[in-house]
Each structure stands twice: as C-alpha cells, then as structure tokens.
Amino acid sequence: MPILGLAPSTAPIKPVHFDIEKVIRPNILALHPYRCARDDYQEGILLDANENALGHSIPRSSNQIQQELSSTLDADLNRYPDPSHDEIKSRIASLRSLPGKDHVFLGVGSDEVIDLLMRICVAPANEKILITPPTYGMYSVCAQVNDIGLVRCNLNLSGSGGEGGEHGRFSLLIDDIKAAVLADPSIKLIFLCSPGNPTGTLISLAAIKAILDYELFKGIVVVDEAYIDFAEEGASAVSLIKDYANLCVMQTLSKSFGLAAIRLGIAFAQPPLIQVLTNTKAPYNISTPSAQLALAALSEEAVQNMRLKCQTLVESRKQLQKSLESLSALGVGDVIGGNDANFLVVPILNKETRLPDNVRANAVYTELAENKGVVVRFRGKEAGCNGCLRITVGTAEENGTLLRQLQSALNDY
C-alpha cells in the first residue's frame, strides 16, 4: 500500500530487508490526514480558519505585561519548561468559575486533548467513539490514527424547525444517540462540538445533560467549546462539571483570545480524569514562551480586552449576515445554523434552480482564493452543508473586501 502524500520512487531501499509498509500500522497507511486551512492557501485576506481577525488581546501599554514578555529571552531557555504550569491553570480555573487547578489540563492545542482522550479511554480495534456530523474533522482522523471505530449520528440536518436552538437545524438528535449507544456498548466517548464547527451552532445544556444522564452510556461525553466566548453568556457546559464525572469540556486560547499561534488547548473535568490525562501526556508539552504569553493573555486587563473584541466580532457577524443577504439575487442563500461562533455558513445557490450547488460554490471559493485574494472555506461535502461556504468574520475592511470580491465572483460564475 503506497504512503499517501509520498511520490512513488524506484530508488533501491537500504537495507534490503527493510519494508516500511510492513512496519507501519495498516490504518495509518490508509489515513487521509486532516487538511488544515493553511494547506490550501497562505496569502490573501484569510477568512478560512476562524482565527480572531482582531488579533490578540494582550495590551501593549501595560508595563507589568511588557515586563513579563520581555523576560522571555532572559528565561532559562536551555532548560525544560515547567511541566505543570499551575499558575496558568489557576487563572483559567478562576476565569471559568471552577474550584481550582486540579480541574484543568493543558494540551498542545485541543488536538492533543482529543488524541489523549482516545488513547486513554478507547481500546484500539475493539472500541469506538461517536461523533455528530457535520463536525470537527480531527475526531475521525484521531480515531483512525488510533485504530478506533467510528459511529456517526448526524445532527438535525433539516431546517424545518428553524435554525439552531433546541430543535432546529444542527441541534442534537438525542434519541438517535441513545439508540446508537444501546445498539453498540463498545462506544466509550461521545464528541459534541458546541458551538459546532462547521455549524456555528450551540448545543443546549439540556441536550448535553440528557446524554450525560443516560444510564446505558458508561463512557465520557466530550464537549468541544473552542468558540464558546462568541456565544451567549451561560452557554458553557463547564457549569455542569461539578455534577458530572463523565463530562470533559475542551476550550482553547486560539479563537476568542486570538492566540492560535501558541497552540494552547484546555480540558476541564473532575480531578480523576484530569489526573489521568496528566499522567499520560508527553513531558513538558507546553513551552516556556507559550506559557508566558498565556499568562499575559489571562491577566485581568487582557481578559477584558478579549471580551470587548468578542463583542465587536459578534456585532460584525450580524452586519456581515445582513450584507450577505443583500447578495440574494446573485445566488447567496440564507445563512444556516445558529450563528453562535465567529463565522457564518452560507449556501451558494444554482442560478436556475435556486438550490444549494456544490459545483458553483466550489468555483466561487476557488475564484476568490486564486484570483481575488480572499480565502474562505468550502464545506459543501459536509453533512447538511451542500453548497456551503464557511466565512470567518474579519475586520471591517476585510469584510468589505470580501463582499465586493464575492459579488464579482458570483457575477462570473
């Protein structure tokens, strides 16, 4: 079996007795790796990766913070970093109203947390995870890497009940999940993305509690809240941790904090699960420079700045939605989902049928990226997202350029 992404070679292998395809696990050889936004395009107005277009919230005018950051080069960079980062954990626990650092785990992005949860909970080849498409692609990639089975229970893909909310498009189909668990007791983890990616839709706390309370599910419910700070106040499942030992909530500094570059993900849970994660992680997983930036970002002033920027992006999201509606005649459909994140999901319609059109949407996406300097993301192959583009909310200037170039692309295709 060829290795995906590697060009065929006729060069002799040395030593001759070695065959890498007989060393690597077959499921890894067959793996189609997660394709991140920067694999496709790296230049232009980048509205494809749901980064915070307003940047980080660390104030440049604060003497205290500048002293903390200027100390980076003075740190013992020849020494390994603090393996526990208790001060960061304590600040995060306080921010999210948890009892203390023993409820917090830090990972190299949420992806490390996802991988660790699978490795510690799910037996390869024998047990499974459950996901709710359309959802974050790394759940299935990590499952395949770890030789773990995958059960899919789609979200509600119909818009007949409205957009988002308890029973609208992209809401959780609780009975379907319960039926899947009843039929397959090997399911150990259930991954819920709230607000979802690519759905941008919150899953209600009532729906999450319904799964947590289901007695026939003996595993852990994992709620991925990368975009939670763009949603309504009180929507986070962190508030449920005190009552549910079978709950793990993931967050990140990548989105609302505008620190995607430092790769710092967070898991919240009761202390037993946090301890197991800590026991299993690689040593020194968070670097000293990343830790110092995280501490600065979690200062009182920086957190206040973060919240103000989230408010700005939410208002910009509303304005962008109105502006996209003005392009209806050119084939931009109504935004779908609950709009609870820092992006919008919008279908591109066929000119004649006025139905979502993957071919046209992909053509518009490519035209924007390759000829007009604006990069969004084509999501038309995801369940319930036929013909859809996912558009990150940018700065006012970026949004204006997007709208002009999108109008031009729609006229061309």
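Located above this text is the structure these notes cover.
Residues numbered from 1 in each chain as written. Predicted model: local features only at pLDDT ≥ 70, side-chain atom pairs only at ≥ 80, totals over all residues. Heavy atoms only, no water.

1. A closer look at the packing of aromatic side chains
Quick reminder of the rule: Working definition: rings of Phe, Tyr and Trp (its six-membered ring) pair if their centres are within 6.5 Å, and the pair is stacked with planes under 30 degrees apart, edge-to-face with planes over 60 apart, and tilted otherwise. Strands are runs of DSSP state E lasting at least two residues, helices are runs of H or I lasting at least four, and both sets are numbered from the N terminus onward. Exposure is judged per residue with a 1.4 Å probe applied to protein chains only, and the accessible area is read against the type maximum: over 50% gives exposed, under 20% gives buried, and values in between give partly exposed.
Across all of its chains, the model carries six aromatic pairs by this definition. A ring pair is formed by Y41 and Y365, whose centres lie 6.1 Å apart and whose planes are at 75 degrees; its orientation type is edge-to-face. One end of the pair, Y41, is in the loop between α1 (26-29) and β1 (45-46); the other, Y365, is in helix α11 (residues 358-371), with 324 residues separating them in the sequence. Taking relative accessible area as the criterion, Y41 reaches 17% and is therefore assigned buried. What makes Y365 buried here is its relative accessible area of 11%. Aromatic side chains Y136 and Y139 sit 5.5 Å apart centroid to centroid with 90 degrees between the ring planes, which places their arrangement in the edge-to-face category. For the residue pair Y136 and Y139, the accessibility class agrees, reading buried in each case.

2. Regarding helix α12 (residues 396-412)
Put simply, the rule is: Each residue after the first adds 1.5 Å to the expected span of a helix. Should any heavy atoms of two residues lie within 4.5 Å, those residues are considered in contact.
The end-to-end C-alpha distance of α12 is 25 Å, a good match for the 24 Å that 17 residues give at a rise of 1.5 Å each. Buried within α12 we find N399, T401, L402, L403, L406, A409 and L410. Tucked inside the fold, the buried residues of α12 contact β1, α10 (300-325), α11, β10 (374-375) and β12 (388-392).

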